[in-house]
Amino acid sequence: MSGRVLLVGLTGGIASGKSTVAQRLVEHGALLIDADLLAREVVEPGTPGLAAVVDRFGVGVLAADGSLDRPALGRVVFADPVARQHLEQIIHPAVRDRAAELVASAPDGAVVVQMIPLLVETGQTSSFDLVVVVDVPTPVQTDRLIERDALSTAEAQARLAAQASREQRLAAADAVIDNSGDPEELRAAVDSFWAEQIVPRLAEWG
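As a starting point, this report considers the structure included with it. (Residues numbered from 1 in each chain as written. Predicted model: local features only at pLDDT ≥ 70, side-chain atom pairs only at ≥ 80, totals over all residues. Heavy atoms only, no water.)

Some points on the packing of aromatic side chains
Here is step 1 of the chain: Across all of its chains, the model carries zero aromatic pairs by this definition.
Here is step 2 of the chain: Stacked on the ring of Phe 57, the Lys or Arg Arg 56 has its end atom at 4.6 Å from the ring centre. (Phe/Tyr/Trp six-rings, centres within 6.5 Å; stacked < 30°, edge-to-face > 60°. Lys NZ or Arg CZ within 6 Å of the ring centre and 35° of its normal.)

Here is the structure:
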C-alpha cells in the first residue's frame, strides 16, 4: 500500500461501463480520480496543455470560443496513430502530475480509485495496489459504443483498435468485474469486489 492510502487502478475498454463501476465504488466510500476529467482540465483555455496541442495540431482543433474542439481533434488522432501518440505525449504527463497531487491530498485510510481508460497502454499497472478491469465481450462493447456515441461500425472498430486488446487488459488485472449482464448484476459484482478485495485490506490497518 502507498503509505496509508489504498490505490486502485480502474480500467476497461471504451464503453465497458467503467463510469458506472466507479460511481458504485464512490457509494462505498472510495475517492475517485477520473483521468478523463483531468485530461479535460489540463487543456482548458489558457493552460500550457492547450497551447501545446494547438502548436502541434494547428488552430483547426479550436472551437470559436477558443476552447478545444474535441470532435475535430478526435477525427485527426483516431485516423493517425502517430498523431495520437503526439497527443498522448502532451496529455498524459500533465494528467499524471495532477493525479499525483490529488492522491497526495487524500486522507489516511482512503481508498483512492483512479479511473484510467489507457492504464494498461501507458504502462501504469505497477503504480497501483490493485488493478481492476471492467470486462465485456468485444461484440457487446462494439454495439454499446455504436449506440452510445452514434458511430458507424467502422468508427467504433477504429476506436477499439486504438486501445489495448481485451486479452491484454485481462492479463494485467488483479480483479475483473464482468459487465456483460444487466445493471443489477453489475452492481452486485462491484459490491462483491468491495467486500472481498477492499474490506480485508482496510481491515489490515486495524
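That covers the picture; the talk isn't over yet.
Concerning the environment of Val 134
Here is step 1 of the chain: The topology assignment puts Val 134 in strand 4 (residues 130-135).
Here is step 2 of the chain: Judged by its relative accessible area of 1%, Val 134 falls in the buried class.
Here is step 3 of the chain: Not counting chain neighbours up to four residues away, the residues in contact with Val 134 comprise Leu 10, Thr 11, Gly 12, Gly 13, Ser 16, Gly 17, Lys 18, Val 21, Ile 177 and Asn 179. (Helix = DSSP H or I, 4+ residues; strand = E, 2+ residues; numbered from the N terminus. Buried < 20%, exposed > 50% of the residue type's maximum accessible area, 1.4 Å probe, protein only. Contact = heavy atoms within 4.5 Å.)

Structural notes on the sheet that holds strand 3 (residues 111-115)
Here is step 1 of the chain: Across the sheet, five strands lie side by side as 2-3-1-4-5; this open sheet has parallel pairing. Only two strands of the sheet have a single partner each, and these edge strands are strand 2 (31-34) and strand 5 (175-178). Ignoring which end each strand starts from, the neighbouring axes of this sheet average 25° apart.
Here is step 2 of the chain: With four bridges connecting them, strand 4 and strand 5 associate as parallel partners. The residue bridging Val 132 from the neighbouring strand is Ala 175, located in strand 5. (Pairing = 2+ DSSP bridges. Axes fitted to C-alpha atoms, helices over the stretch in contact; angles between N-to-C directions.)

Here's the deal with a negative patch on the surface
Here is step 1 of the chain: Taken together, Asp 178, Asp 182, Glu 184 and Glu 185 make up a surface patch of like negative charges.
Here is step 2 of the chain: Inspection of the secondary structure assignment puts Glu 185 in helix 9 (residues 183-203).
Here is step 3 of the chain: Owing to a relative accessible area of 48%, Glu 185 belongs among the partly exposed residues under this scheme. (Patch = residues over 30% accessible without salt bridge, like charges linked within 9 Å, V, L, I, M, F, W, Y side chains within 5 Å. Areas by Shrake-Rupley, 256 points an atom, 1.4 Å probe, with all protein chains shown as cover. Salt bridge = Lys/Arg side-chain N within 4 Å of Asp/Glu carboxyl O. Lys, Arg positive; Asp, Glu negative; His and termini not counted. Charge placed at Lys NZ, Arg CZ, Asp CG, Glu CD.)

Some thoughts on helix 9
Here is step 1 of the chain: Relative to the 30 Å expected for 21 residues at 1.5 Å per residue, helix 9 spans 29 Å between its end C-alpha atoms, a close match to the ideal helical length.
Here is step 2 of the chain: Remark: the principal bend of helix 9, roughly 30°, maps to Trp 194.
Here is step 3 of the chain: Tucked into the core, helix 9 has its buried residues touching strand 1 (6-12), helix 1 (18-27), strand 3, strand 4 and strand 5.
Here is step 4 of the chain: Between a side-chain oxygen at the N-terminus of helix 9 and the backbone nitrogen of Glu 184 the separation is 3.1 Å; the capping residue is Asp 182. (Expected span 1.5 Å × (residues − 1). Bend = angle between axes of the 7 residues up to and from the residue. Polar contact = N/O pair within 3.5 Å; in protein donor to acceptor, adjacent residues only side chain to side chain.)

Some remarks on the nonpolar core
Here is step 1 of the chain: Val 53, Phe 57, Leu 73, Ile 91 and Val 112 are the most contacted members of the largest nonpolar core, which has 30 residues in total.
Here is step 2 of the chain: If you list the elements that add at least two residues to this core, you get helix 2 (35-41), helix 3 (48-57), helix 4 (70-77) and helix 5 (81-104).
Here is step 3 of the chain: If one sorts the elements of this core by residue count, helix 5 sits on top with seven residues.
Here is step 4 of the chain: Contact partners of Val 53, with chain neighbours within four places excluded, come to Val 43, Gly 58, Val 61, Leu 68, Leu 73, Leu 87, Ile 90 and Ile 91.
Here is step 5 of the chain: Listed in part, the 21 residues of the second largest apolar core include Ala 22, Val 132, Ala 175 and Phe 193. (Core = buried A, V, L, I, M, F, W, Y, C linked by side-chain atoms within 4.5 Å.)

Re the packing of helix 1 against helix 9
Here is step 1 of the chain: Two elements in contact, helix 1 and helix 9, have axes separated by 10 Å at closest approach and are oriented at 50°. One element, helix 1, and the other, helix 9, form an angle in the oblique class. Considering the relative orientation of helix 1 and helix 9, their crossing is right-handed. Residue-level inspection shows Thr 20, Val 21, Arg 24, Leu 25 and Glu 27 of helix 1 in contact with helix 9, the latter providing Leu 186, Arg 187, Val 190, Asp 191, Phe 193 and Trp 194. (Parallel < 35°, antiparallel > 145°, perpendicular 65-115°, else oblique. Left-handed = near helix turned anticlockwise from the far one by under 90°.)

Quick word on the side chain of Gln 114
Here is step 1 of the chain: Position of Gln 114 relative to the elements: it lies in strand 3.
Here is step 2 of the chain: Setting aside residues up to four positions removed in sequence, Gln 114 forms contacts with Leu 7, Val 8, Gly 9, Leu 10, Ile 33, Ala 99, Val 103 and Phe 128.

Overview of the packing of helix 4 against helix 5
Here is step 1 of the chain: At a closest axis distance of 7 Å, the pairing of helix 4 and helix 5 adopts a crossing angle of 125°. When the axes of helix 4 and helix 5 are compared, the pair comes out oblique. Each of Leu 73, Val 76 and Val 77 in helix 4 lies in contact with helix 5, whose residues at this interface are Pro 81, Ala 83, Arg 84 and Leu 87.
Here is step 2 of the chain: Residues of the contact of helix 4 with helix 5, tallied by class, amount to six nonpolar, no polar and one charged. (Nonpolar A, V, L, I, M, F, W, Y, C, P; charged D, E, K, R; others polar.)

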